[in-house]
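Descriptive structure summary
The residues making up each chain are set out below.
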Amino acid sequence: MKPPPTIYLSIASTLILSVSAIKGTSQTISSNNDLFESDDSMTIYLKGDVRDLLKDRTGSAKKFPFTLSYYKKDADAISIPVELKTRGHFRRLKENCNYPPLMIEFPSAGANSATVFKHQKKIKLVMPCKGEEYIIREWLVYKMYNLLTPLSFRSRLVKVKLEDSNNRKTATVFYGLLLEDENQMAERNKTTIIKSEKRVSPQQIKRTEFLTMAVFQYLAGNTDWSVQYLQNIRLLAEDAKSMPIAVPYDFDHAGIVNAPYAFPTEELQMSSIRQRRYRGYCMADLTAFEDIIKKFNDLKKEIYKLYTDCSLLDAKYIKSTIQYLDEFYATINNTKAWQKDFAYPCDKNGTGNVVIKGLKEN
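Here is a short report on the structure shown in this document. (Residues numbered from 1 in each chain as written. Predicted model: local features only at pLDDT ≥ 70, side-chain atom pairs only at ≥ 80, totals over all residues. Heavy atoms only, no water.)

1. Quick word on the overall build of the protein
Within the protein, the regular secondary structure consists of nine helices and ten strands. Out of the 362 residues in the protein, the part that is buried amounts to 53%. Considering only residue pairs separated by 6 or more positions, the protein has 68% of its internal contacts joining residues 24 or more positions apart. Only carbon and sulfur atoms are counted for the fraction: they give 49% of the accessible area of the protein, which is about 17,600 Å². (Helix = DSSP H or I, 4+ residues; strand = E, 2+ residues; numbered from the N terminus. Buried < 20%, exposed > 50% of the residue type's maximum accessible area, 1.4 Å probe, protein only. Contact = heavy atoms within 4.5 Å. Areas by Shrake-Rupley, 256 points an atom, 1.4 Å probe, with all protein chains shown as cover.)

Here you go:
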């Protein structure tokens, strides 16, 4: 359902300046972005003042000089000067997570021009919050959404080795997750990131793309998102006159990840994050879901293979996840069941229209 013309025009006029301003400073990125075109095992070594970096959990994040190193096959170590800083809000706080998420910045483009990071100016590194197994699980959620649409963030699972330059003790090693830069993701899709001052409603998002995203969030058991407040959502647009496209990220609170620190917001009145709740908008005509459901059915084998073929997952988690996926597919292949769940936002006595505001990210 398209929004009323008067609303749409106000959105479009708001976006014109945003698109123009961002395009004027956009980075030219080659489509051959080696970093995210491989799932091969890769270890990155980060050497610097690890202690002070990991203590920087509040206020404006400070940048710390580090050296990032990795090995090519049959080659010596390749080292790049970088700057690291903590980021985020919930996962940055020490009481919530063992390691804060990091931002890796490459201050000198020439230093990484001949490396796998050659197209990077900055890149997010997701660190383990309460165990590296949850990093692997979140990575697979990104991979799942990649199957559904190229309008998604790519990711690279890496082994991270932290080496404190002031401490010669054994370095810490664990899995981390590198995330594609949002401007690179946008340019790859011939779009631009939109940062509108006006709040955009879900009804003002391209419908097919929105429904695909909303059903995916339902599949993953993720309720920690909203278009209105851009909570774990980025908006793309092909030009200033086109309707925005919503792209999700940050899936650590999803039921399929099942992180020990993740709980649904109280306003949703849900018993656990494993409970599924469709959080789209009210639609009188549900026939638009039929093509979306077909797409999920067409990709069923590939989605299951992400989990059954991943040697990094333990057997117990694979079994529980297959059951979780089975429940989703049982629902979408039962007309009465999916119509009931996807019509939930129309229930005036329910919580389908609760908007998640989230916490401001640094």
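2. Remarks on the packing of helix α3 (residues 132-148) against helix α7 (residues 300-308)
Between two packed helices, the angle of one axis relative to the other and the distance separating the axes together describe the packing. Contact pair α3 / α7: the axes reach a minimum separation of 10 Å and the direction vectors enclose 160°. When the interaxial angle is binned, α3 and α7 end up roughly antiparallel. Once α3 is placed against α7, the crossing between them reads as right-handed. On α7, the residues that touch Leu 140, Val 141, Lys 143, Met 144 and Leu 147 of α3 are Glu 302, Ile 303, Leu 306 and Tyr 307. Residues belonging to the contact of α3 with α7 are distributed by class as follows: seven nonpolar, no polar and two charged. (Axes fitted to C-alpha atoms, helices over the stretch in contact; angles between N-to-C directions. Parallel < 35°, antiparallel > 145°, perpendicular 65-115°, else oblique. Left-handed = near helix turned anticlockwise from the far one by under 90°. Nonpolar A, V, L, I, M, F, W, Y, C, P; charged D, E, K, R; others polar.)

3. Focus: the sheet that holds strand β8 (residues 192-194)
As summarised here, the arrangement of the three strands in space is β8-β9-β10, forming an open sheet in which the pairing is antiparallel. Two strands in the sheet have a free side with no partner beyond their single neighbour: β8 and β10 (245-248). Here the average twist between neighbouring strands, direction ignored, is 45°. Relative to strand β9 (residues 233-237), β8 is paired through three bridges, and the arrangement is antiparallel. Note on β9: the bridge partner recorded for Thr 192 is Ala 237. (Pairing = 2+ DSSP bridges.)

4. What about the pairing of strand β5 (residues 122-126)?
Extensive coverage of β5 is indicated by the burial of four of its five residues. Bridging between strand β4 (residues 102-105) and β5 involves four bridges; their strand directions are antiparallel. Across the sheet, the residue bridging to Glu 105 is Lys 122, located in β5. As defined by bridge partners, β5 adjoins strand β7 (residues 172-179) across three bridges and the pair is classed as antiparallel. In the strand pairing of β7, Lys 124 is matched with Leu 179.

5. Things to note about the nonpolar core
Phe 210, Ile 256, Tyr 278, Phe 289, Phe 296, Tyr 307 and Phe 342 are the most contacted members of the largest nonpolar core, which has 78 residues in total. Sorting elements by how many residues they give to this core places α3 first, with ten residues. Apart from residues lying up to four places away in sequence, Tyr 307 is in contact with Leu 140, Val 141, Met 144, Ile 256, Leu 313, Tyr 317, Ile 318, Thr 321 and Leu 325. (Core = buried A, V, L, I, M, F, W, Y, C linked by side-chain atoms within 4.5 Å.)

6. A look at the state of the cysteines
Using the criterion set out here, one finds two disulfides in the structure. Here Cys 97 pairs with Cys 129 through a disulfide, and the sulfurs are 1.9 Å apart. Looking along the S-S bond of the Cys 97-Cys 129 disulfide, the torsion reads about -80°, which is the left-handed sense. With a gap of 32 residues between them, Cys 97 in the loop between β3 (77-86) and β4 and Cys 129 in the loop between β5 and α3 connect regions that are remote in the sequence. One disulfide in the model links Cys 282 with Cys 346; its S-S distance is 2.0 Å. Because the sign of the S-S torsion sets the handedness, a value of about 100° for the bond joining Cys 282 and Cys 346 places this disulfide among the right-handed ones. Of this pair, Cys 282 sits in the loop between β10 and α6 (289-298) while Cys 346 sits in the segment after α9 (335-342), placing them 64 residues apart in sequence. For Cys 346, a relative accessible area of 31% gives the class partly exposed. (Disulfide = S-S within 2.5 Å.)

7. Re unusual backbone geometry
The phi dihedral of Asn 232 is positive, around 55°, even though this residue is not glycine. A positive phi angle is found at Gln 269, which is not glycine, with a value near 55°. With respect to the helices, strands and loops of the structure, Gln 269 is situated in the loop between β10 and α6.

8. Notes on empty space enclosed by the protein
Evaluated as defined, the whole model comprises one cavity of 30 Å³ or more. The calculated volume of the largest cavity comes to roughly 50 Å³. Every residue along the wall of the largest cavity is listed here: Arg 91, Met 127, Pro 128, Cys 129, Lys 130, Gly 131, Tyr 134, Ile 135, Glu 138, Asp 252 and Tyr 261. Per-class residue counts for the lining of the largest cavity are six nonpolar, one polar and four charged. (1 Å grid on protein atoms, 1.4 Å probe; cavity = no way out; pocket = protein on both sides within 12 Å on 5 of 7 lines; lining within 4 Å. Points joined across faces, edges and corners; volume = space filled by probe spheres on them.)

9. Focus: the packing of aromatic side chains
With the rule as written, the count across this model stands at 22 aromatic pairs. Between Phe 153 and Tyr 249, the ring centres sit 5.8 Å apart and the planes meet at 70°, which makes this aromatic pair edge-to-face. Of this pair, Phe 153 sits in the loop between α3 and β6 (155-164) while Tyr 249 sits in the loop between β10 and α6, and the two are 96 residues apart along the sequence. Overall, Phe 153 belongs to the buried group, its relative accessible area being 7%. Among the residues examined, Tyr 249 registers a relative accessible area of 6% and is labelled buried. Seen from their ring centres, Tyr 218 and Phe 342 are 5.3 Å apart, and the 80° between their planes marks the pair as edge-to-face. With a gap of 124 residues between them, Tyr 218 in helix α5 (residues 207-220) and Phe 342 in helix α9 connect regions that are remote in the sequence. (Phe/Tyr/Trp six-rings, centres within 6.5 Å; stacked < 30°, edge-to-face > 60°.)

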